[in-house]
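In case you want the letters, here they are:
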Amino acid sequence: MHRKRRIPKVKYSLKIKMIILISLLIIGICIIFSIFLHKFIINVIEDQIGERAIGLAHSVANIPEIKEALQLEDPSLAIQEIVSPIQKESGAEFIVVGNTEGIRYSHPDTSKLGKKMVGGDNDRALFHGESYVSKKNGSLGLSIRGKVPIYSEGKIIGIVSVGFLNDSVQKMIKNQSQTLWFTLGNIMLLGILGASLISYYIKSLLHHMEPEEISHLYLQNEAILQSTHEGIIAVDNQGMITAMNLAAKDILFSKKKQKEINYLGTSIKEITPSLYKSALFKQKDRYYDREMVLGKNIALVNQTPIYSENVFTGVVYTFRKKTELEKMTAELVRIKQYANTQRALTHEYFNKLHIILGLIQNDRKIDAIDFIKKESNMQLNRLNLLKEKVSDPLIHALLQGKFNQANELGIMMTIHPDSHLEYEFSEKKQDAILTALGNVIENAFDAVKTKGESERKVSIFFTDIGDDCIFEIEDAGIGVPQENMSRIFQQGYSTKKGFNRGTGLALTKFALNEAGGAIVLEEGELGGACFVIIIPKD
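No experiment lies behind these values; they were computed from the predicted model shown.

## As for the overall build of the protein
Helix and strand counts for the protein come out as 15 helices and 14 strands. Here the protein holds 538 residues, and the buried ones make up 38% of them. The contacts of the protein with a sequence gap of at least 6 include a subset with a gap of at least 24, amounting to 57%. Total accessible area computed for the protein in this model is approximately 31,900 Å², and 57% of it derives from carbon and sulfur atoms.

Right, here's the structure in full:
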């Protein structure tokens, strides 16, 4: 019993559409080809007629008797007797011999003898000695004519014009075109028959479903897949990805990488190695809420095998972020810190403006100018220092921002005078360095901001000498106890008070490891912690 499917109304079936469209395509191609071939036939026939005319004209121009007759007082009688038999044997419509002034001495119509040749296309032959083909209207109508000059002792003494009327040429073209159109007509009929067979075959492959039905079902399934908030990846029994929703892409990859890579048909091992465990995959295992690092996130992963008639056909992975709430909280903390920094920056500028205003009101303009120069030089020296030491614009911008933040927090942030960085990083390594520097410097600020004003010190050193680029961030804080050094980079561990801590250094270590780098903790010369970031050069 056939089950009726509820689908959008279909005006024409796929079979009818395919027959019509393929037929129109074949007919269109045949028509275009026939037009091209028709023009090609016209050009070929006209070229052949032109070559025939000019060849015959050369033959006539080289007849010695015609050259001698042109020297007579009345050459028309002698030339007409020579040319008339040649014209009848060759099939030419006319062979006209004229003198240098274009006066005819031979013509199929004897009444036109002694009159000037018509067409105005003799100059190239008479004045330049050229042999050529032209298509002009003459006394007998439109014709293809071969023009050849007649030479005697190196001088032009006349001209030969051999012509074939255009009407005769068109009859030849028509005869050739009839065969062409008959052949193309048979090709069109075969094409329509082939279109019917192809449409029937494709319809059977689609289980006699219409495109509207297939599209409707696909959109429904795609909407269900993409509307799910959990990440979903489906792979076949060879480990090749067959489906992936937006939530999965957002967890696994950056926005830029999502546009660059086509995931369908790619091995799951290449995209997310942590999801593909060879032993588990071969055993077609099933597990729930297994904690894994996916991309830059810690996620809880479920693996469910797929069977069709007891045959293993693939696996479906579903996963969700574990660190989503932690990252949101950390983002709010950063926003709060930024707002506090902006508030402090605004407050400081207002204080400086009040100082300048007070100096001006007390008529101490020189002191006001000195104060402005001092502040300007301080900013300019800082910018020049970073410009001289750092060539990477993003790292430069990050350090400049941290200088401003340190200034507002009353922290003395310094860059070692031997620091230098000119190496150009790849995008992946640059992102890892920015993440690491931002988190480590922020932690250094937190470590010293509660100390006395003279003890709030953070020192930065970097170099690209050798095979690695090295960054050292040292603070004058209390440091990290020896027993906690092995745990400092673990997810969730932190020496700071409060909830949702222990994310920054864990993400820093993960980002550096992904870029082939590392981060280690050492004892600093300032008495606090010293983090060393190592990034190998490409």
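## Looking at the packing of helix α1 (residues 14-61) against helix α5 (residues 166-205)
Across the interface, α1 lies against α5 with an axial gap of 8 Å and an inter-helix angle of 160 degrees. Relative to α5, α1 is oriented roughly antiparallel. Considering the relative orientation of α1 and α5, their crossing is right-handed. Its residues placed into classes, the contact of α1 with α5 shows 27 nonpolar, 9 polar and 3 charged.

## Describing the pairing of strand β1 (residues 94-99)
Counting buried positions over the 6 residues of β1 gives 6, a clear majority of the element. Here β1 shows a buried face lined by F94, V96 and G98 and a second buried face lined by I95, V97 and N99. Sheet analysis places β1 next to strand β4 (residues 155-165), joined by 6 bridges and oriented antiparallel. Note on β4: the bridge partner recorded for I95 is V162.

## Observations regarding the packing of helix α14 (residues 427-448) against helix α15 (residues 504-514)
Across the interface, α14 lies against α15 with an axial gap of 9 Å and an inter-helix angle of 155 degrees. As summarised for this structure, α14 and α15 are arranged roughly antiparallel, according to the angle between their axes. Helix-helix and strand crossings are classified by hand; for α14 and α15 the assignment is left-handed. In this structure, α14 uses K428, A432, T435, A436, N439, V440 and N443 to contact α15, whose residues at the interface are G504, L505, T508, A511, L512 and E514. A class-by-class count of the residues in the contact of α14 with α15 yields 6 nonpolar, 5 polar and 2 charged.

## Thoughts on the side chain of D121
Inspection of the secondary structure assignment puts D121 in the loop between β1 and α4 (123-128). Judged by its relative accessible area of 9%, D121 falls in the buried class. Ignoring anything within four residues of it in the chain, the contact list for D121 reads Y132, S134, K136, R145 and K147.

## Focus: α5
In this model α5 runs 57 Å from its N-terminal to its C-terminal C-alpha over 40 residues, within 8% of the 58 Å that 1.5 Å per residue would give. Taken together, the buried positions of α5 are occupied by N166, V169, I173, S177, L180, L184, M188, G191, A195, S199 and K203.

## Overview of the pattern of salt bridges
Inspection of every chain in the model, using the stated rule, returns 8 salt bridges. Close ionic contact of E130 with R124 constitutes a salt bridge, the shortest N to O distance being 2.9 Å. Judged by relative accessible area, which is 41%, R124 ranks as partly exposed. A single network of salt bridges, built from pairs that share partners, joins D121, R145 and K147.

## Considerations on the pairing of strand β13 (residues 518-523)
For β13 and strand β14 (residues 529-536), the ladder comprises 6 bridges, and the chain directions are antiparallel. Residue pairing across strands places E522 opposite C530, the latter belonging to β14. Joining the antiparallel neighbours β13 and β14 is a turn of 5 residues, in which G527 adopts a positive phi near 100 degrees.

## With respect to the sheet that holds β14
With mixed pairing, 5 strands are arranged side by side in an open sheet as β10-β11-β12-β14-β13. Each end of this open sheet is capped by a strand with a single partner; those strands are β10 (412-415) and β13. Between one strand and the next, the sheet's axes are offset by a mean angle of 15 degrees, whatever the strand orientation. With 7 bridges connecting them, strand β12 (residues 468-475) and β14 associate as antiparallel partners. Note on β14: the bridge partner recorded for E474 is C530. Together, β10 and β11 (457-463) form the strand contacts of helix α13 (residues 393-409), whose direction differs from that of β10 by roughly 150 degrees. In the packing of α15 onto the sheet, contacts are made with β13 and β14, and the angle to β13 comes to roughly 130 degrees.

## Let's talk about the environment of Y287
Of note, Y287 is situated in strand β7 (residues 287-294). Judged by its relative accessible area of 5%, Y287 is buried. Distance from Y287 to Y317, taken between C-alpha atoms, is 9.8 Å for residues 30 residues apart in sequence.

## Some thoughts on the nonpolar core
Generally speaking, soluble globular proteins have nonpolar side chains that are buried together. L399, F425, L437, F471, I473 and I533 are the most contacted members of the largest nonpolar core, which has 42 residues in total. When contributions to this core are tallied by element, the ones reaching two or more residues are α13, β10, α14, β11, β12, α15, β13 and β14. Looking at this core element by element, the count peaks at 9 residues for α14. C30, I45, I79 and L184 belong to the second largest nonpolar core, which has 33 residues in total.

## Here we look at the environment of V532
Among the secondary structure elements, V532 is positioned in strand β14. Residue classification places V532 among the buried residues on the basis of a relative accessible area of 5%. Leaving out residues up to four positions away in the same chain, V532 has contacts with I470, F471, E472, A518, I519, V520 and E522.

## Observations regarding the packing of aromatic side chains
In this structure the tally under the stated criterion is 4 aromatic pairs. Ring geometry for Y423 and F425: centres 5.2 Å apart, planes at 80 degrees, overall edge-to-face. Judged by relative accessible area, which is 18%, Y423 ranks as buried. Classification of F425 as buried rests on a relative accessible area of 11%. On the numbers, 6.2 Å between centres and 40 degrees between planes, the contact of F462 with F471 is tilted.

## Details of the confidence of the model for the protein
Atom-level detail of predicted coordinates should not be read off regions where pLDDT is low. Looking at the protein, pLDDT values average 78 and 85% of them are 70 or higher. Across residues 1-7, confidence stays below pLDDT 50; counting only partners more than four residues off in sequence or on other chains, it has 5 contacts.

## Focus: unusual backbone geometry
Leave glycine aside and you will find that most residues have negative phi; peptide bonds, for their part, are mostly trans. Within the chain, E153 stands out as a residue other than glycine whose phi angle is a positive 55 degrees. E153 sits in the exposed class, given a relative accessible area of 82%. We note that D363 has phi near 60 degrees; this positive angle belongs to a residue other than glycine. With respect to the element layout, D363 can be found in the loop between α11 (324-361) and α12 (365-389).

Rules of the game
- Residues numbered from 1 in each chain as written.
- Predicted model: local features only at pLDDT ≥ 70, side-chain atom pairs only at ≥ 80, totals over all residues.
- Heavy atoms only, no water.
- Helix = DSSP H or I, 4+ residues; strand = E, 2+ residues; numbered from the N terminus.
- Buried < 20%, exposed > 50% of the residue type's maximum accessible area, 1.4 Å probe, protein only.
- Contact = heavy atoms within 4.5 Å.
- Areas by Shrake-Rupley, 256 points an atom, 1.4 Å probe, with all protein chains shown as cover.
- Axes fitted to C-alpha atoms, helices over the stretch in contact; angles between N-to-C directions.
- Parallel < 35°, antiparallel > 145°, perpendicular 65-115°, else oblique.
- Left-handed = near helix turned anticlockwise from the far one by under 90°.
- Nonpolar A, V, L, I, M, F, W, Y, C, P; charged D, E, K, R; others polar.
- Pairing = 2+ DSSP bridges.
- Expected span 1.5 Å × (residues − 1).
- Salt bridge = Lys/Arg side-chain N within 4 Å of Asp/Glu carboxyl O.
- Core = buried A, V, L, I, M, F, W, Y, C linked by side-chain atoms within 4.5 Å.
- Phe/Tyr/Trp six-rings, centres within 6.5 Å; stacked < 30°, edge-to-face > 60°.
- pLDDT = per-residue confidence, 0-100.

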